[in-house]
Amino acid sequence: GAGVSQSPSNKVTEKGKDVELRCDPISGHTALYWYRQSLGQGLEFLIYFQGNSAPDKSGLPSDRFSAERTGGSVSTLTIQRTQQEDSAVYLCASSLRSRRGTGDEQYFGPGTRLTVT
Amino acid sequence: AQRVTQPEKLLSVFKGAPVELKCNYSYSGSPELFWYVQYSRQRLQLLLRHISRESIKGFTADLNKGETSFHLKKPFAQEEDSAMYYCALRYNQGGKLIFGQGTELSVKP
């Protein structure tokens, strides 16, 4: 079946503009995660959604970052007033369940490469 | 705070040589440890997890709670093992992964 998909694959934006990054998880997966992969910082957790529970936003670097997940499926990560340090590859992952056990493996999307000029 | 450390940014070995990618973690409870791999132009994917205690593509990793380590080992490296390897920790019953900085493994012919 189809894996996790993300769009756009590449995004170039000017400093100060807002951007929206989209993630389509694997159908039926209840957990969805956003991570950021940047030079010097490695892979950082941003935010995590599990079913109807309140999201874990503990990794969001500033209030310019927000995310939502509509209908328990598609998720959008929004970055307002982008800065050059936001340049990175943004990865989305989903899993069937989040609690430890069968089905908790996270499957990653191809990522969106964001460049802020 | 929970932390994962991979001390080597780049590890270069010759084909057929043994390889060990180091990973240390800091967490006082019972963590779950993983190794993820990202081959060139491919997605990040799970290689193995400590709970399963299995060997994948010839790689093994043992959780050493005394040394808080989860080093990845392979006795005979192959050129196709060249990739970026990330060690990750999950410290509650589910949810987010804490990743190390990654180690780039280069296996030369």
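It should be noted that the structure appears before, not after, this text.
Let us look at the structure shown here. From a predicted model like this one, the values you see are computed outputs, not experimental measurements.

**Concerning the sheet that holds strand S8 (residues 72-74) of chain B**
In a beta sheet, neighbouring strands pair by backbone hydrogen bonds and run either parallel or antiparallel.
All names here are of chain B.
Right, on to step 1. Strand order in the open sheet formed by three strands is S3-S8-S7, with antiparallel pairing between adjacent strands. Two strands in the sheet have a free side with no partner beyond their single neighbour: strand S3 (19-21) and strand S7 (60-61).
Right, on to step 2. Relative to S8, S7 is paired through two bridges, and the arrangement is antiparallel. Residue pairing for S8: Thr-60 is matched across the bridge by Lys-73.

**Remarks on the state of the cysteines**
Right, on to step 1. For the structure shown, the criterion picks out two disulfides over all chains.
Right, on to step 2. Disulfide partner of Cys-23 of chain A: Cys-92 of chain A, at an S-S distance of 1.8 Å. On the sign convention where negative means left-handed, the S-S torsion of about -65 degrees between Cys-23 of chain A and Cys-92 of chain A marks this disulfide as left-handed. Of this pair, Cys-23 of chain A sits in strand S3 (residues 19-24) while Cys-92 of chain A sits in strand S8 (residues 88-95), and the two are 69 residues apart along the sequence.
Right, on to step 3. The buried category is assigned to Cys-23 of chain A, whose relative accessible area is 0%.
Right, on to step 4. Take Cys-92 of chain A: its relative accessible area is 0%, and that puts it in the buried class.
Right, on to step 5. Across the disulfide, Cys-23 of chain B is cross-linked to Cys-87 of chain B (sulfur-sulfur distance 2.0 Å). Classification of the bridge connecting Cys-23 of chain B and Cys-87 of chain B rests on its S-S torsion, roughly -65 degrees, and on that basis the disulfide is left-handed.

**Some points on the packing of aromatic side chains**
Right, on to step 1. Tallied over the entire structure, the rule returns eleven aromatic pairs over all chains.
Right, on to step 2. Ring centres of Tyr-33 of chain A and Tyr-48 of chain A lie 4.9 Å apart, and the angle between their planes is 5 degrees; on these two criteria the pair is classed as stacked. Here the residue Tyr-33 of chain A occupies a position in strand S4 (residues 31-38), and Tyr-48 of chain A occupies one in strand S5 (residues 42-50), the gap between them amounting to 15 residues.
Right, on to step 3. For Tyr-48 of chain A, a relative accessible area of 13% puts it in the buried group.
Right, on to step 4. Among the aromatic residues, those joined into a ring-pair cluster are Tyr-33, Tyr-35, Phe-45, Tyr-48 and Phe-108 of chain A together with Phe-34, Tyr-36, Tyr-86 and Phe-99 of chain B.

**Considerations on the side chain of Glu-8 of chain B**
Right, on to step 1. Among the structural elements, Glu-8 of chain B can be located in the loop between strand S1 (3-5) and strand S2 (10-14).
Right, on to step 2. For the buried Glu-8 of chain B, which has no salt bridge, the nearest side chain bearing the opposite charge is Lys-22 of chain B, at an N-O separation of 4.5 Å.

Reading the values: rules and limits
Residues numbered from 1 in each chain as written. Chains lettered and ligands numbered in written order. Predicted model: local features only at pLDDT ≥ 70, side-chain atom pairs only at ≥ 80, totals over all residues. Heavy atoms only, no water. Pairing = 2+ DSSP bridges. Helix = DSSP H or I, 4+ residues; strand = E, 2+ residues; numbered from the N terminus. Disulfide = S-S within 2.5 Å. Buried < 20%, exposed > 50% of the residue type's maximum accessible area, 1.4 Å probe, protein only. Phe/Tyr/Trp six-rings, centres within 6.5 Å; stacked < 30°, edge-to-face > 60°. Lys, Arg positive; Asp, Glu negative; His and termini not counted. Salt bridge = Lys/Arg side-chain N within 4 Å of Asp/Glu carboxyl O.

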